[in-house]
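# A closer look at the structure
Each chain, letter by letter, is given below.
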There are 2 protein chains.
Amino acid sequence: MEKFFDQVDKLGPDFKTRLSDAIQLESVVTKVEEKKEMAESLKKQLSEFGANAQLYDPKDGLPPIVYAHYNTDQHDTKKTILVYGHYDVQPAGDGWSPDIPPFQLTEGERKDKKPCYFGRGSTDDKSPVLAWLNMLQAHKAARVAVPVNIRFLFEGMEESGSKGLPNFIKNTDEGKALFANVDAACISDNYWLGAGKPCLTYGLRGIAYFKATVTARQNPLHSGIYGGTVYEPLTDLITLLSKLVDNKGNIKVPGMLDDVPPVTEEEKKGYECIDFQMSDLEAAIGNKSYIYDDRIETLQHRWRWPSLSIHGIFGADSSAESTTAIAPEVTAKFSIRTVPNMKTDKIKNQVTKYLTEEFKKLNSKSQLTIDMTENGEYWVTDSKHKNFEAGKQATQTIWGVRPDLTREGGSIPVALDIQEGLGKDSQGNQKSLMLLPIGTALDGAHGPDENIPIKNYTKGTKLLGAYLHHFANAN
Amino acid sequence: MEKFFDQVDKLGPDFKTRLSDAIQLESVVTKVEEKKEMAESLKKQLSEFGANAQLYDPKDGLPPIVYAHYNTDQHDTKKTILVYGHYDVQPAGDGWSPDIPPFQLTEGERKDKKPCYFGRGSTDDKSPVLAWLNMLQAHKAARVAVPVNIRFLFEGMEESGSKGLPNFIKNTDEGKALFANVDAACISDNYWLGAGKPCLTYGLRGIAYFKATVTARQNPLHSGIYGGTVYEPLTDLITLLSKLVDNKGNIKVPGMLDDVPPVTEEEKKGYECIDFQMSDLEAAIGNKSYIYDDRIETLQHRWRWPSLSIHGIFGADSSAESTTAIAPEVTAKFSIRTVPNMKTDKIKNQVTKYLTEEFKKLNSKSQLTIDMTENGEYWVTDSKHKNFEAGKQATQTIWGVRPDLTREGGSIPVALDIQEGLGKDSQGNQKSLMLLPIGTALDGAHGPDENIPIKNYTKGTKLLGAYLHHFANAN
């Protein structure tokens, strides 16, 4: 691996140019042409480094899926890893510093003093995607063989719910061929828990998204004329919402914790060694407006307990003006983050039953409807699998520490799709998917001044290569 | 009066043209030039009929106040009535029928089969304003002397809180002169309780408008990462809002009814003779989503009990999209309609104290702020005053019935300003203000397809004239 590492260090300027070119392509959701150009560029570069790269057109105006087979002729002698990334980015949004143009690579220093590359997509997810290319380039330059077969899968719709990707994986010849005979998979598209210590991620919460609508009539009414004499949907909706969760995060819907196992002693120990302090949370949210003062309780409530957030209400006037209407129909949006072994189908029934019963108690003349409009299951995998062991060894090799084993509070539905695409091995065990982030919690993904520490980009390239070597050498 | 009535019948086409011209002038809040033109037109017409009409410029970009003295040389021999109206109108808004252009008079038939004139401002408040002019014209044509001195006051900011008018009344020489030696006042700017029976209005509810804000931090957070570990302002706000009012309209803020006197037997009898059926309410709101099945309870809760309505929330995402942020700061808007003898200052203290206490119980790390952003007191006057007796006689003369004596649930702050401007008579009694509507509850004021029945426009012109004659003849 040393020769490979040396080349990574030498190729720094190339890697910077590669990232700079990629950031300049505004591959945001609305820009179909830029997305196509980005996909073409990835295909071209993969081909240059010896991969058999293709574009798949998912139709319906969706951008191409880039897929590639690398070392395809060495199937019998080498293991096969599938890697996933996405080349689409969030829109720039507001709040960028005046000297940091969102769609241009700017080298600078970020708040925690780390030298970094600024630019939209720098950490989410262009650097990780390009780090895989860098890794190929460095191997080529070092004349070191990449020790595994690789299947590349880069999509352009991740920021819009990965539309089209599940169909590609499950139902197309190209997708099935890409997942055939894969031994394990690796996604580099999340972040360290803080900015100091690397991690491997083995779990995500799921999500059940609800809309609850209370309807009294068709038209708004004047509160002066009708106030006090008619049912007001917003009053009923607020009463219902007040019964969902308390401000300490306790979900009041009965049965919500029925399927969540208690914390075991072993699990507790796992939290103790995680590099996470309450000051990290304070830095991230801007003050101490958190519920638990204890770092382990905080981690547990982020990763392994469900949460319920009310996101907003529509139908009532949401301007800052002093308007006086009685809204005829109002809808609340709320979501429940799910954890093992909750199932969103059951959650849907529990929430619907509970709210329906509570609404009946109100004896209102309005009508209530409840929909679970979106859902995705939690994902947790075995963090002792040899796939993760390779990740641990690689982290030790590159960063000199054992990585934290983390879960995430958020939901990445594509993880489940990829795990399903992998299927089971010949012994009937689920093939392993690992999340191997190279960026940090302070990179500002989705926000203004998005960046990646230069060190993380370079060492990240080494890390992905080292992971492949360690996986190749594992028994 | 018969000669005057005959001329009103003959001048129908003139009155229609007058209204048509006025509707064509889009005197909405944003159109300063159109408002000026409308004011000029009123001044010109008042002058033609012999009034000494002027425009007052309130400065600050506000439209002119039209004021006029009529019969100014007959001060010692005739009583003096002040009349108020407004020439500004609501914006057209959505929902107009394709064959009814908002800013053009369209003659047609409305839902209850009454022949009517459609157009924005037809009932609110251009027809009433023009009915005063029609009345002058018909007297002139009939060569009948108008039996009282009249002071005209027409403003162009009523739909925007009558900005500038209180200052004109209280602090300007022109305003003081206009109100000097006035015996009583009449506003024609509200509506019958239904569409069948005329009314005189002697009371309005007041309003105390509140904004309550819960703040946790500066930036939105991702509910996946932070849900379950941080305080969510919307959860706290919803809990607070759920403690304000129940869905039967009972206000939960302690002390709210302390100053509201119980219903007397005499008052009860007053409600019994009011022409109002539950079917009227059903027709107005579109279905039976009302709280009280009893018509008298309904009227009482519209007129003489306070109500509390929650109008909306801002700060949280109010789109219909399935967004997942935790809002950092959210504000609720709610208002309390006040009745005798509630005072908004006291209401402010009661609401603030109650919500502050309830918020403390939540033991939240967020902050609560409460503001009463707008307020106006209730208005109730003596419906047996000779001003009202003149209104009753006029209604009997024109419509052949005794009018209902109504109050309104809504608030018209200018009524209080005018009453204050009137001041007291030589015996120290408050001079009387009467609301004398000519339009009906089904005219669609502020809504699409606004209209006024042609009969109401014509008979309304007679009614205003008859009122002046009866007042002139009263002892």
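Because the structure is predicted, anything quoted here is derived from the model rather than measured.

The rules behind these values
- Residues numbered from 1 in each chain as written.
- Chains lettered and ligands numbered in written order.
- Predicted model: local features only at pLDDT ≥ 70, side-chain atom pairs only at ≥ 80, totals over all residues.
- Heavy atoms only, no water.
- Contact = heavy atoms within 4.5 Å.
- Buried area = accessible area lost by both parts, 1.4 Å probe.
- Salt bridge = Lys/Arg side-chain N within 4 Å of Asp/Glu carboxyl O.
- Polar contact = N/O pair within 3.5 Å; in protein donor to acceptor, adjacent residues only side chain to side chain.
- Helix = DSSP H or I, 4+ residues; strand = E, 2+ residues; numbered from the N terminus.
- Nonpolar A, V, L, I, M, F, W, Y, C, P; charged D, E, K, R; others polar.
- Pairing = 2+ DSSP bridges.
- Axes fitted to C-alpha atoms, helices over the stretch in contact; angles between N-to-C directions.
- Domains from an automatic or database assignment.
- 1 Å grid on protein atoms, 1.4 Å probe; cavity = no way out; pocket = protein on both sides within 12 Å on 5 of 7 lines; lining within 4 Å.
- Points joined across faces, edges and corners; volume = space filled by probe spheres on them.
- Parallel < 35°, antiparallel > 145°, perpendicular 65-115°, else oblique.
- Left-handed = near helix turned anticlockwise from the far one by under 90°.
- Expected span 1.5 Å × (residues − 1).
- Buried < 20%, exposed > 50% of the residue type's maximum accessible area, 1.4 Å probe, protein only.
- Arc of directions from axis to C-beta.
- Least-squares fit on C-alpha atoms with pLDDT ≥ 70 in both.

### Details of the interface of chain B and chain A
Contact residues are listed per partner, giving 72 residues for chain B and 72 residues for chain A. For the pair chain B and chain A, the summed buried surface comes to about 5700 Å²; carbon and sulfur atoms form 51% of the total. At the boundary of chain B with chain A, the tally comes to four salt bridges. With its nearest N and O atoms 2.4 Å apart, the salt bridge here joins Asp-317 of chain A to Lys-333 of chain B. Summed over the shared surface of chain B and chain A, the number is 57 residue pairs in polar contact (both at pLDDT 80 or more). For the side of chain B that touches chain A, the leading source of residues is strand S11 (residues 307-314) of chain B, giving eight residues. Of the residues in the side of chain B that touches chain A, the class split is 27 nonpolar, 29 polar and 16 charged.

### Re the sheet that holds strand S14 (residues 367-376) of chain A
Residue and element names in this part refer to chain A. A sheet is described by the order of its strands in space; here four strands give the open sequence S11-S13-S9-S14, paired in antiparallel fashion. Both outer strands of the open sheet, strand S11 (307-314) and S14, are each paired with one neighbouring strand and no more. Ignoring strand direction, the axes of neighbouring strands in this sheet form an average angle of 20°. Note: strand S9 (residues 206-215) against S14, nine bridges, orientation antiparallel. From the neighbouring strand, Val-214 faces S14, where its bridge partner is Leu-368. Helix-sheet contacts for helix H8 (residues 233-241) involve S9, S11, strand S13 (329-338) and S14, and the interaxial angle to S13 is about 15°.

### Let's talk about the domain arrangement of chain A
Residues and elements named next belong to chain A. Domain annotation for chain A reports domain 1 (1-204 + 378-473) and domain 2 (206-260 + 305-376). Computed over C-alpha atoms only, the centres of domain 1 and domain 2 are separated by 38 Å. Taken together, the contact between domain 1 and domain 2 spans seven residues of the former and 10 residues of the latter. Taking both sides of the interface into account, the surface hidden between domain 1 and domain 2 amounts to around 590 Å²; carbon and sulfur atoms contribute 55%. It is Tyr-378, Arg-407 and Ser-411 that lose the most area in domain 1 upon contact with domain 2, and together they represent 78% of the buried surface on that side. The tally of links between domain 1 and domain 2 comes to zero salt bridges. Counting every contact that joins domain 1 to domain 2 gives two residue pairs in polar contact (both at pLDDT 80 or more). Looking at the side of domain 1 that touches domain 2 residue by residue, the class counts come to three nonpolar, three polar and one charged.

### Re the pairing of strand S4 (residues 106-109) of chain B
All names here are of chain B. With four bridges joining them, S4 and strand S5 (residues 115-118) adopt antiparallel strand pairing. Pairing of Glu-109 across the sheet is with Pro-115, part of S5. Where S4 hands over to S5, the hairpin turn is made up of five residues, of which Lys-113 adopts a positive phi near 75°.

### Some remarks on empty space enclosed by the protein
In this approach the atoms are scanned with a rolling probe the size of a water molecule, which exposes any empty space left behind. Across all of its chains, the model carries eight cavities of 30 Å³ or more by this definition. In this structure, the largest cavity occupies an estimated 80 Å³ of space. Tallied by class, residues from the lining of the largest cavity come to five nonpolar, five polar and two charged.

### A closer look at the packing of H8 of chain A against helix H12 (residues 344-362) of chain A
Think of two packed helices as two axes; the pair is described by the angle between the axes and how far apart they sit. Residue and element names in this part refer to chain A. Between H8 and H12, the least distance of the axes is 10 Å, while the angle of their chain directions is 130°. If you check the angle between H8 and H12, you find them oblique. Seen from above, H8 lies across H12 with right-handed handedness. On H12, the residues that touch Asp-236, Thr-239 and Leu-240 of H8 are Leu-355, Glu-358, Phe-359 and Leu-362. A per-class count over the contact of H8 with H12 returns four nonpolar, one polar and two charged.

### Focus on H12 of chain A
Residues separated by three or four positions in an α-helix point in the same direction, a consequence of the helix having 3.6 residues per turn. Residues and elements named next belong to chain A. The terminal C-alpha atoms of H12, which comprises 19 residues, lie 27 Å apart, in line with the 27 Å expected from a rise of 1.5 Å per residue. Among all positions of H12, only Thr-344, Ile-347, Gln-350, Val-351, Tyr-354, Leu-355, Glu-358, Phe-359 and Leu-362 are buried. The buried side chains of H12 occupy one side of the element, clustering within an arc of 155° when seen end-on. Along H12, the residues that are exposed and aim more than 90 degrees away from the buried face are Asp-345, Asn-349, Lys-353 and Lys-360. Residues of H12 that are buried make contact with S9, H8, S13 and S14. Of the residues trailing H12, Asn-363 is marked for its positive phi of about 55°.

### What to know about the pattern of salt bridges
Applying the stated criterion across every chain yields a total of 37 salt bridges over all chains. Across the salt bridge formed by Glu-265 of chain B and Lys-268 of chain B, the nearest N and O atoms sit 3.5 Å from each other. With Glu-265 of chain B and Lys-268 of chain B both in helix H9 (residues 265-272) and three residues apart, the pair spans about one turn of that helix. One salt bridge in this structure joins Glu-358 of chain B and Lys-361 of chain B, with 2.8 Å as the shortest N-O distance. Separated by three residues within a single helix, Glu-358 of chain B and Lys-361 of chain B lie in helix H12 (residues 344-362), roughly one turn from each other. Through salt bridges with shared partners, a single ionic network connects Arg-110, Asp-112 and Asp-443 of chain A.

### Digging into the relation of the copies chain B and chain A
In screw terms, the move from chain B to chain A is a rotation of 180° and a rise of 0.2 Å along the axis, fitting with an RMSD of 0.2 Å. Within this description, the copies of the chain are treated as partners about a two-fold rotation axis. Looking at the interface residues of chain B, 100% of them are also at the interface in chain A, so both copies use one shared face.

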